[in-house]
Amino acid sequence: MEGIDHLAPERSKSQFDVDEMKIVWAGSPHAFEVSDRMSRLVASDPAFRKDNRPMLGRKELFKNTMRKAAYAWKRIIELRLTEEEASMLRSFVDEPAFTDLHWGMFIPAIKGQGTEEQQKQWLPLAQKMQIIGCYAQTELGHGSNVQGLETTATFDPKTDEFVIHSPTLTSSKWWPGGLGKIATHGAVYARLLTDGRDYGVHGFIVQLRSLDDHLPLPGITIGDIGMKFGNGAYNTMDNGVLQFDHVRIPRNQMLMRVSQVTREGKYVQSSVPRQLVYGTMVYVRQTIVSDASIALSRAVCIATRYSCVRRQFGGKKGGLETQVLDYKTQQARLFPLLASAYAFRFVGEWLKWLYMDVMKRLQAGDFSTLPEAHACTAGLKSLTTSVTADGIEECRKLCGGHGYLCSSGLPELFAVYVPTCTYEGDNVVLMLQVARHLMKTIAKLGSGKRPVGTTAYMGRVELLMQYQSNVQKAEDWLKPNFVLEAFEARAARKSVDCAKNLAKFSNPEEGFLELSAELVEAAVAHCQLIVVSKFIEKLQQDIPGKGVKQQLENLCIVYALNLLRKYLGDFLSTGCINAEQASLAGEQLRSLYSQLRPNAVALVDAFNYTDHYLGSVLGRYDGNVYPKLYEEAWKDPLNDSVVPDGFQEYVRPMLKQQLRNARL
């Protein structure tokens, strides 16, 4: 029934101001206004239609992406959108495209690693889309181990040029988005060879295709690496393969902000600190954490709305069956994911602040917070993307059989999201980097230098090693200090145990390899503590709006206590809590689920997603699911004809043969 809000009864149960929560989610009134305006602009334009994407063949799919990207750029120019508005518009188009790496990696690489002169030369061209760039680092044989890259850039002092070359098959650049069919230029990472020495991996701007006929330049072999997981998903992106055969570029196309090669071929460090290069990596990873909250919240929004529409069992004497969301099993699987979406949103906000703070410090010559910023962004990228990928799949299961339909939006969302667990750092490798940071922090404890930032709790390690929770009743778990202390003690003890075990090895690297699984567990505990602590810090801010703070407090404790229950072995084995306190945590968690239940739909409404952006029949704002599912089924190309193509050729003869041979 069109025009009826089938979820209105759910919305009427809400105990908080949804409009205020929308602003809290967006981060500020300004951010909400821009996001709301751009999402509606995209949703109202038929040119950005996406419901037919899973049914398109690869060539059609890619052509459609090129059309949308060009149209989006046309609208950005016509409407004179700011950089913030343009970025928001592209995100609401909601389709992986060659422009993603241009804006997200190529331009930041030039900003972060190029000299002022290089930025003046290249940024205007890139920002006007007169050239389109990609980020060519990963190779067929090396991804996480960047120092193992094989592509070479050999300086030729006779011609004042670098010779870019792929010496082996495994040195082929492999995976860069936008490279396969579109990019005209690339930020290419290669081993710098000059003056008889290998100076390691550096960045170079290399033109890949002609700006006249778009053909690859001499010495360049380039193409798409083929179909990927999913129907539409990342197949809208031209992930590419690239080989160089002694391609020459001018010396000044080496990104020279932190190091240069002179006309004579001498390698020299500039006055700009090398650590500034890490700024780009910190920036990219903090955006990935923010994106995790968006992807997870989309899945949770779909599953929550559908769980209110769907009814199964429990109907008495012909009455209505029970809403699926009223079952505790559904709440126990879904509400922690809802809480996680909010938790990741707030830790993402904090990471943005951390990035800006680190960049200010770097420019002032203060590198003290860089190791922590690197560890935080690495660990939180790993934690949030792993939870989100698993969470989207859990939401699909929460929607039962209908969640498996492409029209549910969940298969597509999952297929687009899962590569995040690998790109910009494999999630396990990143956690091992966090573990190294933790082991270094513990090693320095005896020096008298107190740890700062997210490792500050390590300064109280002696107290935390003795900690035993004072929780005596279920309601005690609602007190943030009890929750925080338990997470701090668990994280400290996991790290200290690893450090003690590492000390038993005569060769530290051997020990690190042997204990890598335990070290990852310690890193996960540390990162979960960061998310919990930042959620609690958010609650200490002035949060306006009727009932908004109460809902956030409930979500915060749900996030923390669900983790406590999930990692109960950690908390019990380290002695932070006892079995009775664990039981009380479970009791409190069930109570919080009941408190969240009447607010569930309003809490996902606060994400402020249009039906276009959600792309889900199950997650429709009006809850009009079944008629729309039925309607969608008839749009499938297979239903264009009553008798399918090929039936007369293949199936009819088989049926006729069966009829002739049947004993009637």
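Residues numbered from 1 in each chain as written. Predicted model: local features only at pLDDT ≥ 70, side-chain atom pairs only at ≥ 80, totals over all residues. Heavy atoms only, no water.

- Looking at an unreviewed UniProt entry, one finds the chain named Acyl-coenzyme A oxidase and attributed to Arachis hypogaea.
- Per UniProt, the chain carries the Subcellular location (unreviewed entry) text "Peroxisome".
- One UniProt comment on the chain, placed under Sequence similarities (unreviewed entry), says "Belongs to the acyl-CoA oxidase family." (UniProt positions renumbered as here; feature names shortened; annotations may be inferred.)

### With respect to the layout of surface pockets
At step 1: Of the voids in this model, the second largest pocket is the one considered here, and its volume is about 690 Å³.
At step 2: Lining the second largest pocket are 20 residues, and of these Ser-368, Pro-371, Glu-372, His-437 and Lys-444 sit closest to its centre.
At step 3: Those elements that provide at least two residues to the lining of the second largest pocket are helix H10 (370-398) and helix H12 (427-443).
At step 4: Class assignment of the residues belonging to the lining of the second largest pocket gives a composition of seven nonpolar, seven polar and six charged. (1 Å grid on protein atoms, 1.4 Å probe; cavity = no way out; pocket = protein on both sides within 12 Å on 5 of 7 lines; lining within 4 Å. Points joined across faces, edges and corners; volume = space filled by probe spheres on them. Helix = DSSP H or I, 4+ residues; strand = E, 2+ residues; numbered from the N terminus. Nonpolar A, V, L, I, M, F, W, Y, C, P; charged D, E, K, R; others polar.)

### Brief notes about the nonpolar core
At step 1: Within the largest apolar cluster, 141 residues are counted, with the highest numbers of intra-cluster contacts made by Tyr-342, Leu-380, Trp-477 and Leu-552.
At step 2: In this view, Leu-552 contacts Met-21, Val-24, Tyr-342, Phe-346, Phe-535, Leu-539 and Ile-543; residues no more than four positions away in its chain are not counted.
At step 3: Phe-204, Ile-220, Phe-244 and Val-261 belong to the second largest nonpolar core, which has 24 residues in total. (Core = buried A, V, L, I, M, F, W, Y, C linked by side-chain atoms within 4.5 Å. Buried < 20%, exposed > 50% of the residue type's maximum accessible area, 1.4 Å probe, protein only. Contact = heavy atoms within 4.5 Å.)

### Observations regarding the packing of helix H2 (residues 18-26) against helix H17 (residues 548-566)
At step 1: Where H2 meets H17, the closest approach of the two axes is 10 Å, and the angle between their N-to-C directions is 55 degrees. For the element pair H2 / H17, the angle class is oblique. On H17, the residues that touch Glu-20, Met-21 and Val-24 of H2 are Val-548, Gln-551 and Leu-552.
At step 2: The class makeup of the residues in the contact of H2 with H17 is four nonpolar, one polar and one charged. (Axes fitted to C-alpha atoms, helices over the stretch in contact; angles between N-to-C directions. Parallel < 35°, antiparallel > 145°, perpendicular 65-115°, else oblique.)

### Points about the packing of aromatic side chains
At step 1: Per the counting criterion, the structure on display carries 20 aromatic pairs.
At step 2: The interplanar angle of 40 degrees and the centroid separation of 5.9 Å between the aromatic rings of Trp-73 and Trp-103 together place this pair among those described as tilted. On the criterion of sequence distance, the pair formed by Trp-73 in helix H4 (residues 58-78) and Trp-103 in helix H6 (residues 98-113) is long-range, its members being 30 residues apart.
At step 3: Trp-73 sits in the partly exposed class, given a relative accessible area of 21%.
At step 4: A ring pair is formed by Phe-92 and Tyr-613, whose centres lie 5.0 Å apart and whose planes are at 80 degrees; its orientation type is edge-to-face. A residue pair is termed long-range when its members are at least 10 positions apart, and Phe-92 in helix H5 (residues 83-93) and Tyr-613 in helix H21 (residues 611-614) qualify at 521 residues.
At step 5: Grouping aromatic residues by their ring pairs yields a cluster made of Trp-25, Phe-92, Tyr-342, Phe-346, Phe-535, Phe-607, Tyr-609 and Tyr-613.
At step 6: Over the ring of Tyr-567 we find Arg-490, and its NZ or CZ is 5.0 Å from the ring centre. (Phe/Tyr/Trp six-rings, centres within 6.5 Å; stacked < 30°, edge-to-face > 60°. Lys NZ or Arg CZ within 6 Å of the ring centre and 35° of its normal.)

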